[in-house]
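Listed here are the chains, written in short residue letters.
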Amino acid sequence: MPPHQNTPPSQLRHDRMVATAQRYAWWLGARSHAMRTVLANTGWRLSRLGYHKLGRPPGALAWPLGLAFLTLNATTDQARQECAWIEKCFRGLIDAQGHSTLEGVAIERGGLGYAALRLFELTQNTRYLTYAREQGEAFARLPGVEIGCIPYTAGKNWVLVDTLAFLCPFLARLSRLTTESRYANIATRQLEAMWRHGQADDGWVYHAFNVKTLAPIGMAGWGRGIGWLLLGIVDTVCELPEGEEKSLWLARGERLLEKLAACQRDDGHWPWRLDLPTAPPDSSVTALIAYALARWQQAGFAEREFIPAMRSRARAALNAATDNQGWVGQCSGEAAGMGDYSTVFGSFMWAQAPAVATDLILRDEKV
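The structure reproduced in this document is the subject of the present report. (Residues numbered from 1 in each chain as written. Predicted model: local features only at pLDDT ≥ 70, side-chain atom pairs only at ≥ 80, totals over all residues. Heavy atoms only, no water.)

## Overview of the overall build of the protein chain
A count of helices and strands for the protein chain gives 15 helices and 5 strands. Taken over C-alpha atoms, the radius of gyration comes to 19 Å for the protein chain, in line with the 21 Å a tight globule of 367 residues would show. Its C-alpha atoms give the protein chain principal-axis dimensions of roughly 60 × 55 × 40 Å. Going through the 367 residues of the protein chain one by one, you find that 55% of them count as buried. In the form shown here, the protein chain has an accessible surface area of approximately 15,500 Å², with 52% of it arising from carbon and sulfur atoms. Placing the 38 positive and 35 negative side-chain charges of the protein chain at their respective mean positions leaves the two points 6 Å apart. (Helix = DSSP H or I, 4+ residues; strand = E, 2+ residues; numbered from the N terminus. Rg over C-alpha atoms; globule rule 2.2 N^0.38 Å. Buried < 20%, exposed > 50% of the residue type's maximum accessible area, 1.4 Å probe, protein only. Areas by Shrake-Rupley, 256 points an atom, 1.4 Å probe, with all protein chains shown as cover. Lys, Arg positive; Asp, Glu negative; His and termini not counted. Charge placed at Lys NZ, Arg CZ, Asp CG, Glu CD.)

## A short note on the packing of aromatic side chains
One pass over the structure, following the stated rule, counts 17 aromatic pairs. Seen in terms of ring centroids, Phe-139 and Phe-170 are 5.9 Å apart; in terms of plane orientation they differ by 75 degrees. Their pairing is edge-to-face. You can see Phe-139 sitting in helix H7 (residues 126-140) and its partner Phe-170 sitting in helix H9 (residues 168-178), a full 31 residues away along the chain. Note on accessibility: Phe-139 and Phe-170 belong to one class, buried. The ring of Tyr-114 is capped by Arg-173, whose NZ or CZ atom sits 3.8 Å from the centre of that ring. (Phe/Tyr/Trp six-rings, centres within 6.5 Å; stacked < 30°, edge-to-face > 60°. Lys NZ or Arg CZ within 6 Å of the ring centre and 35° of its normal.)

## Considering the pattern of salt bridges
Under the definition given, this model contains 21 salt bridges. Among the ionic contacts, a cluster of salt bridges with common partners joins Arg-118, Glu-121, Arg-173, Arg-176 and Glu-239. (Salt bridge = Lys/Arg side-chain N within 4 Å of Asp/Glu carboxyl O.)

## Points about the sheet that holds strand S3 (residues 216-220)
The strand order S1-S2-S3 describes an open sheet built from 3 strands, whose pairing is antiparallel. Across the chains shown, the open sheet's two edge strands, defined by having one partner strand only, are strand S1 (158-160) and S3. In this sheet, adjacent strand axes meet at a mean angle of 20 degrees when their direction is disregarded. Inspection of the sheet shows strand S2 (residues 206-210) paired to S3 by 3 bridges, in the antiparallel sense. Looking at S3, one finds that Tyr-206 is bridged to Ala-220. Sheet strands in contact with helix H10 (residues 181-197) are S1 and S2, and its direction is about 100 degrees off that of S2. (Pairing = 2+ DSSP bridges. Axes fitted to C-alpha atoms, helices over the stretch in contact; angles between N-to-C directions. Contact = heavy atoms within 4.5 Å.)

## Points about the packing of helix H6 (residues 110-123) against H7
The contact between H6 and H7 brings their axes to 8 Å, and the two run at 145 degrees. Along this stretch, H6 crosses H7, giving a crossing that reads as left-handed. Only Thr-126, Tyr-128, Leu-129, Tyr-131, Ala-132, Gln-135 and Phe-139 of H7 make contact with H6, whose side of the interface consists of Gly-110, Leu-112, Gly-113, Ala-116, Leu-117, Leu-119, Phe-120 and Thr-123. Looking at the contact of H6 with H7 residue by residue, the classes come out as 10 nonpolar, 5 polar and no charged. (Left-handed = near helix turned anticlockwise from the far one by under 90°. Nonpolar A, V, L, I, M, F, W, Y, C, P; charged D, E, K, R; others polar.)

Okay, structure coming up:
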């Protein structure tokens, strides 16, 4: 009997994710610089083939890697066990002084800063705090910061719901650890702008809105987008001090959970389109919601009667979607833009990583 048949799905998922995340980190950071330089000089077609042959993950690198680092939100003892492989990943992302090896400012790197702050908490290595502070200051200088309308991409007018997951928890955590409230204020303004300008008539939010016209863009009820919204709310609230702002977002988070509970499928998943119950299930939506529910319980927030069953069914669905190699399947591919959503389903980090983080946070809770 192959060893994997005796290994729990949670361990298989974890081992698969760690190996994949290390590839993401290598290709994103300084360690692959020479290789990328050589490939860049071969022309578009040959470089694309070369990347594929050499194992570069397709698509974006930074935000999927940030999701892999969500395992640091487990209990302190468990998170310390995760530090070893995550610190290895950071060796190519920051230098000996803690300065980033990546050029420019990108919202999608917010998850890296969020993880760096947790590494600082766990190791007291000030390099991680240096990196996070520099990143926070760069974000604080972006256009639209004062009104919560930071464009996702420089030079564009689109404010994306993705930003809430990648940027807001990082800024709220930076605020807590530095006691500088301005960072948390940026985070909550971003949440508020999307909540106000991105709302659709059916209560879901659109993928984005235009910073100049405030007109919504993309699909309302895109499942993964709602997952970004929920993750952004819950992980941000976990960092906020007690007060009116925290109470407001806890209440809004609970309302969103109630709405999600009403459209959870019988198999425990959510459809990739929440406004279309007959749409295929999407494990990335399920994993993001399961992670947010795990953090909700971990933080000790009040649980309505529907939440434990909702969480349990989601975890059971993720177990059922995991193959005997540890891959979480039935995940929709990377979106190509607002209104251009992949209907190709497979195994991707945006289902794998939040599923693993959920496993570690709820380690002692039976499915």
